[in-house]
Amino acid sequence: MGALSKRAAGAALMDKNITLFACPICQESMGVFEQGRLVCSSNHSFDIAKQGYVNMLTHSAVSKYSKDLFESRKAVIDSGIYDLVEDKIGELIANAETVLDTGCGEGSHLARIMGDKRGNCIGVGIDIAKEGILAASRHYPEQIWCVGDLVKSPFAKSSFDAILNILSPANYEEFKRLLTQNGCVVKVVPQSGYLHELRAQLYADSTKESYSNEQIVARFKESFADVSVERITYTVPLATELLPALLEMTPMGWHKKEEVNIQLNEITIDVDVLVGRI
């Protein structure tokens, strides 16, 4: 697929789902103009890139996440170590037709979760990191990808049946604005055993060796009227060649990987899956 056709394909997908969008500057409705721009009725304009994504940031943003990090993240996710978590999310949003992944990175979780959905379902990924969205649009052109900030949201009120927030910071007030009446937010947060084999070697005998998500869960419960929590925990083999990628994608590995000789042959995924409804 050439550069022009990727832009045209992205524009067509956005045009088909244009009611999901609202201008991040004035919140007016938007349209696709000449297959190359999203334009609102007040004439604010956002270019659709040749790779097929749209940049709707209203301010400059510097991300600490690099192209290498997103390549590493994709390699780790594609290895299947999050399959059981993704399967659970897929079950929880089985009836959703519009799905937004906030802090989507390079889009692997959303693409894998949406891969089992059929019909007129659409997934939209948003991230402030342009490198992540570039990778997402390159690998997964069947979804909509957007560089943006939920503080200045590029989406219309009551647009999404499901909002995903996977191991990423949240904006609960904006989530509630964007949810349809019967929609849900699915947030994945680490539990105490998450990547504990890595934590034990990086932070041995320090306070960082243990972790609690208690405050995050409490805040989620304060934000939504109807909340359920399910813990998912399992240990899977870790291929030797994936260890550098895991260290690259995990914040706890960024400053320590040169200092510690880490050896792992398995890794534990231990998360709480929180579901909130308004």
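The rules behind these values
Residues numbered from 1 in each chain as written. Predicted model: local features only at pLDDT ≥ 70, side-chain atom pairs only at ≥ 80, totals over all residues. Heavy atoms only, no water. Pairing = 2+ DSSP bridges. Helix = DSSP H or I, 4+ residues; strand = E, 2+ residues; numbered from the N terminus. Contact = heavy atoms within 4.5 Å. Axes fitted to C-alpha atoms, helices over the stretch in contact; angles between N-to-C directions. Phe/Tyr/Trp six-rings, centres within 6.5 Å; stacked < 30°, edge-to-face > 60°. Buried < 20%, exposed > 50% of the residue type's maximum accessible area, 1.4 Å probe, protein only. Lys NZ or Arg CZ within 6 Å of the ring centre and 35° of its normal. Right-handed = clockwise from strand over helix to strand, strands pointing away.

Looking at an unreviewed UniProt entry, one finds the protein chain named SAM-dependent methyltransferase, with Lysinibacillus xylanilyticus as its source organism.

Caption draft 1: Structural detail: the sheet that holds strand E9 (residues 179-190). A sheet is described by the order of its strands in space; here eight strands give the open sequence E4-E7-E6-E5-E8-E9-E11-E10, paired in mixed fashion. Strands at the two margins of the open sheet, each flanked by one partner only, are strand E4 (54-55) and strand E10 (226-237). By the bridge criterion, twelve bridges tie E10 to strand E11 (residues 266-277) in an arrangement that is antiparallel. Following the sheet pairing, Tyr234 is matched in E11 by Ile269. Strands strand E8 (160-166), E9, E10 and E11 of the sheet are contacted by helix H3 (residues 83-92), whose axis makes an angle of about 150° with E10. In the packing of helix H5 (residues 130-139) onto the sheet, the strands contacted are strand E6 (122-127) and strand E7 (144-147), and the crossing angle to E7 comes to about 165°.

Caption draft 2: Region of the structure containing the packing of aromatic side chains. Going through the model one piece at a time under the given rule, you end up with seven aromatic pairs. Both rings, one in Tyr172 and one in Phe220, keep their centres 5.6 Å apart while their planes meet at 85°; by these two values the pair is edge-to-face. Of the two residues, Tyr172 sits in helix H6 (residues 172-178) while Phe220 sits in helix H8 (residues 214-223), which places them 48 residues apart along the sequence. Assigned by exposure class, Tyr172 and Phe220 land together as buried. Summarising the aromatic geometry, the rings of Tyr172 and Phe224 are spaced 5.7 Å apart at their centres and angled 80° between planes, so their arrangement reads as edge-to-face. On the criterion of sequence distance, the pair formed by Tyr172 in helix H6 and Phe224 in the loop between H8 and E10 is long-range, its members being 52 residues apart. Take Tyr172: its relative accessible area is 4%, and that puts it in the buried class. Stacked on the ring of Phe224, the Lys or Arg Lys176 has its end atom at 5.9 Å from the ring centre.

Caption draft 3: Quick look at the pairing of E6. Among the six residues in E6, six count as buried, and that is most of the element. Side chains Ile122, Val124 and Ile126 of E6 all project onto a buried face; the interleaved residues Gly123, Gly125 and Asp127 project onto the opposite face, where all are buried too. In terms of strand pairing, strand E5 (residues 98-102) meets E6 through five bridges, oriented parallel. Bridging from a neighbouring strand, Thr102 pairs with Ile126 of E6. Taken together, the four bridges between E6 and E7 define a ladder with parallel strand orientation. Across the sheet, residue Ile126 finds its bridge partner in E7, namely Cys146. Crossover handedness for the path E6 to H5 to E7: right-handed.

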